[in-house]
Amino acid sequence: MGKQFRVLCPMDTRKLLLIMGVSFAVVLVAQYVELPYVNFFSSLFSSTTTKGSVLAGVSSFSSEMVVNTTLIFDLNSTDANAAHETTANSTEITNLVNRTDNEVNSTGKDKNSSADFVGVSDNSRIHNESASDKVVQLNQNFTQVNLTGSDNGSATQNGGEPQRAFFVNNFTKDNNSSVDKHMAEPPREEEKSGLLQNFNSSTQNISSVNFEPEDVKSSDNGSKTQKGGEPQRSSLVDNLMKDNKSTVDKHIVESLREAEKSGLLQNVDSAMHNNSSVSRGPEVKKSSEVSTPAVISIYEMNNLLLQSRASQLLMRPRWSSAVDQELLYAKSQIENAPILKNDPRLYAPLYKNVSMFKRSYELMEQRLKVYIYREGSRPVFHQPVLKGIYASEGWFMRLLESNKHFVTRNPKKAHLFYLPFSSRMLEETLYVPNSHSHKNLIAYLKNYLDMIVTKYPFWNRTGGADHFLVACHDWAPSETKNIMVNCIRALCNADVKEGFRFEKDVSLPETYVRTPKNLLRDLGGKPLSKRPFLAFYAGSMHGYVRPIILKYWLNKDSDMKIFGRLGNSKGKMNYVRYMQSSKYCLCPKGYEVNSPRVVEAIFFECVPVIISDNFVPPFFEVLNWESFAVFVLEKDIPNLKNILLSIPRKKYLHMQMRVKKVQEHFLWHANPVQYDVFHMILHSIWYKRVFR
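Residues numbered from 1 in each chain as written. Predicted model: local features only at pLDDT ≥ 70, side-chain atom pairs only at ≥ 80, totals over all residues. Heavy atoms only, no water.

Right, let's talk about the pattern of salt bridges for a bit. For the coordinates displayed, the defined rule picks out 18 salt bridges. Notably, a salt bridge pairs lysine 358 with aspartate 343, separated by 2.5 Å at the nearest N-O pair. Residue lysine 358 is located in helix α15 (residues 354-367), and its partner aspartate 343 is located in the loop between α14 (322-335) and α15; the two are separated by 15 residues in the primary sequence. Taking the shortest distance from any N to any O, the salt bridge between arginine 489 and aspartate 505 comes out at 3.2 Å. Placement of the pair is arginine 489 in strand β4 (residues 488-491) and aspartate 505 in the loop between β4 and β5 (506-507), with a sequence separation of 16 residues. By relative accessible area, which is 3% here, arginine 489 ends up buried. For aspartate 505, a relative accessible area of 0% gives the class buried. Salt bridges sharing common partners tie together Arg424, Glu427 and Glu428. (Salt bridge = Lys/Arg side-chain N within 4 Å of Asp/Glu carboxyl O. Helix = DSSP H or I, 4+ residues; strand = E, 2+ residues; numbered from the N terminus. Buried < 20%, exposed > 50% of the residue type's maximum accessible area, 1.4 Å probe, protein only.)

With that out of the way, let us pick up the state of the cysteines. Among covalent bonds in proteins, the disulfide is the one between the sulfur atoms of two cysteines. All chains considered together, the criterion is met by 2 disulfides. Each bonded cysteine of the protein chain gets a number by its place in the sequence, and the pairs then read 1-2, 3-4. Just so you know, cysteine 587 is unpaired, no disulfide at all, and the nearest cysteine sulfur is the one on cysteine 585, 6.7 Å from it. Exposure remark for cysteine 587: the relative accessible area of 2% places this residue in the buried category. (Disulfide = S-S within 2.5 Å.)

A cluster of nonpolar residues, Leu16, Leu17 and Met20, forms a patch on the protein surface that exposes about 320 Å² of accessible area. Relative to the elements of secondary structure, methionine 20 occurs in helix α1 (residues 2-34). (Patch = residues over 30% accessible without salt bridge, like charges linked within 9 Å, V, L, I, M, F, W, Y side chains within 5 Å. Areas by Shrake-Rupley, 256 points an atom, 1.4 Å probe, with all protein chains shown as cover.)

For the second largest pocket, the calculated volume is near 1,400 Å³. Broken down by secondary-structure element, the contributors of at least two residues to the lining of the second largest pocket are α22 (575-580) and α23 (597-603). Ranked by the residues each element gives to the lining of the second largest pocket, the list is headed by α23, at 4 residues. When its residues are assigned to classes, the lining of the second largest pocket shows 18 nonpolar, 13 polar and 10 charged. (1 Å grid on protein atoms, 1.4 Å probe; cavity = no way out; pocket = protein on both sides within 12 Å on 5 of 7 lines; lining within 4 Å. Points joined across faces, edges and corners; volume = space filled by probe spheres on them. Nonpolar A, V, L, I, M, F, W, Y, C, P; charged D, E, K, R; others polar.)

On to helix α25 (residues 649-662), then. If you check α25, its first and last C-alpha atoms are 20 Å apart, about what 14 residues at 1.5 Å a residue would give, namely 20 Å. For α25, the full list of buried residues reads Tyr652, Met655, Gln656, Arg658, Val659 and Val662. Buried residues in α25, looked at end-on, bunch into an arc of 160°, giving them a common side. Every exposed residue of α25 that faces more than 90 degrees away from the buried side is listed here: Arg649 and Lys650. Buried residues along α25 sit against β8 (582-588), α23, β9 (607-611) and β10 (630-631). (Expected span 1.5 Å × (residues − 1). Arc of directions from axis to C-beta. Contact = heavy atoms within 4.5 Å.)

That's the geometry; what it means functionally is another story.
The following block contains the structure:
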C-alpha cells in the first residue's frame, strides 16, 4: 500500500506542475495581447516601472492634442471698443503644435523643445496683433492654471485661490470622448516623474517671443534710401534745417543739436528703419532665453492685465486679521457685481467693466480705511508740492492727510498703509547735482523703511503688500523697485519695460497744475465747428521722440500745428488756445514714457494721441482707453496724418464726446467730489489691494 502511494504521488505532482505551467503561459499570452504598448515582461520581473515607452509617446501625444482656445475675459461687453475678440482658430494652433512636434522628431532631442518652439515662430511669419493672439492663447492653453468660469470671468476656488490642475488632467478633461487610454496614461506617468515639466515650460516661453513691428511706410517726408535699401545716414538737425531753412526757431535748433551731441538722436533713421515688417524671427540670447518684445501694444497690455488676474495667487499674511475677511468679501462682491444697464452717472463704454467698477467704488466708499504713518521729517515727508508737473503726488498727499472718512488712527482696522513721502522733494533735497547717482536717495528711503519695520509689526504681516506709495517723479520706479518691491506703487512713470507690474502697480495721472488756487482754470474747449486744426503739439525737445515729430511735421502741413516751445506773445495763439482749437492733441513721451499732455488734452476736450511705446495709461485696470484716445507707435510718426485722417468722422465724434464724459475722473478739487481724480487714484490702489 505504501509503495503504491509513493508511486502515485510523483505522478500527481507532475500533473499539477504541468497544469500550473500551462495556466501561467495562458495568462502571459492574454496579458501580452491586451497590453501591446507596454513591455510586460520587464514590468513583471523588474523592481521599478520602466518609462521608455512614455518618452516615445510624448511626440504623438502632443501632435494629436485638441486644445481649448477660449481666453476668459472680465471685460464689459456694452461697447465694441471695450473688449477684444480672443477666440482663436483651434486648427491653426494644432497645426502650430504639429510643426513643433515634427521639429522635435527631426532632431530627436525632446529637451530642446524650447528652441524648437522658437523655430516655429521663426518660420510662421506671424505679425502684429494676430501674432500676439496666437502666442497668448497658446500660452493660456498650456498653463497649469485650470480656469473655472464665473459671470465676471474670475477663476477661483472657494477659498479665493486659482485652482491648480495637472497638464494631463486638463487635457483628458477637455477631450474625454476622443482621447485613447494609451494616449493619456503614458504622459500621466511622465508627469509624475517630472519629465513633462520642461515640456510645459517650453510652451509657456512662447509668450516672450519678440515679433518685430511693421516697417514705416514711405512718404513724401520719409527718409531717402540707397540702392541697397539702407537709409542714408545724416544728421537729423541738418535735415531739419535743410527742409525748414527760414522758419526753424534758434532755440529748437540748439535743443536738437544738444540732444544729438548727447547721443539721444544718433541713428534715429536707422532705428526706425530697423522696425521692419520683414520677419527675421526672434533673436535668441546667448543664455538661450528668448527676448521680450521691444514694444508692447495697448492690445497686448490688456492681455497682460487679464493674465495677471488669472494667474495671481492671493497674498497670505503671516497672521490673520479681521480686515482679511473684509477684503475677501469685497473681492467676491466685485466679481459677482450685478449687471448695470443705463447707469445715469457712469457711461459704460468708458470702462472695461462698468458693473465691477461701480461695485468696487461703492465698497471703497463704505469700507476702506487707510493708516498714514506719522513718522518722517519734512521736507521729504508730509510736505506736498501743489504746483507744477509733479503736483499729482502732492495733491493726493494733502487731500488724504486731511480726509476723515478714509483715514483711521487705529492701524489694526486699516486695509492700506500710506508711506507719505514726496519723490519730488526727495530729489530736490538730497540729489547732488551732476553726480548722476541716486544711491543716497535710495539709502534715505531705506533708513525710513527700516525704522517703520522695526517700530511697527504691520509691514512684516504682509511683507509690505498692503503698503502703498504715490510718486510722480521720473526716478521713483528705480528708487523703489528693490526696497519697496512688494508695495502697491502709484507711478506717473508707468513703463512696462521698467518694472511696472500689472498685478499690483497703478498708473498715476501726471497733472500740470499751474494755479493751485484755481484748479479748474480754462477748463473745457471749443465746439467741433471751431476746431479748425487736425493736430497740435508744442513743447521742449526732451527725449528722442519729439525731435522726430518736428523732423517730419514742423511747417510741413497747415493742418498739423507742430511747434517747439511756444512763447506767450499777446494777440497770438498760445498753448491753451491751440489745444482748445484742435481735434487731436499729440502726447509724445519726453525723457520717460509719461507726459502731462495726456491729462491736458482731456482737460481741454481734445482727443489725446498717445505716442509713447510701453506706456501704461492712468487707471488702466478700469478705463477703456481705446474708446476715447488714439495710440500711435513711435515708428509710425511719418504716417501720423494718414492715421488720423483714416479715423471716420462718426468715430471721432464718439471719441470726443467720451473725452468730455471721462474728464471728471481727471479733475482736482480742493474739496474732493465723487469720482474725481483723488477718488480714482484711491480706488485704483484699493482695487489692487482687494485682488492681491
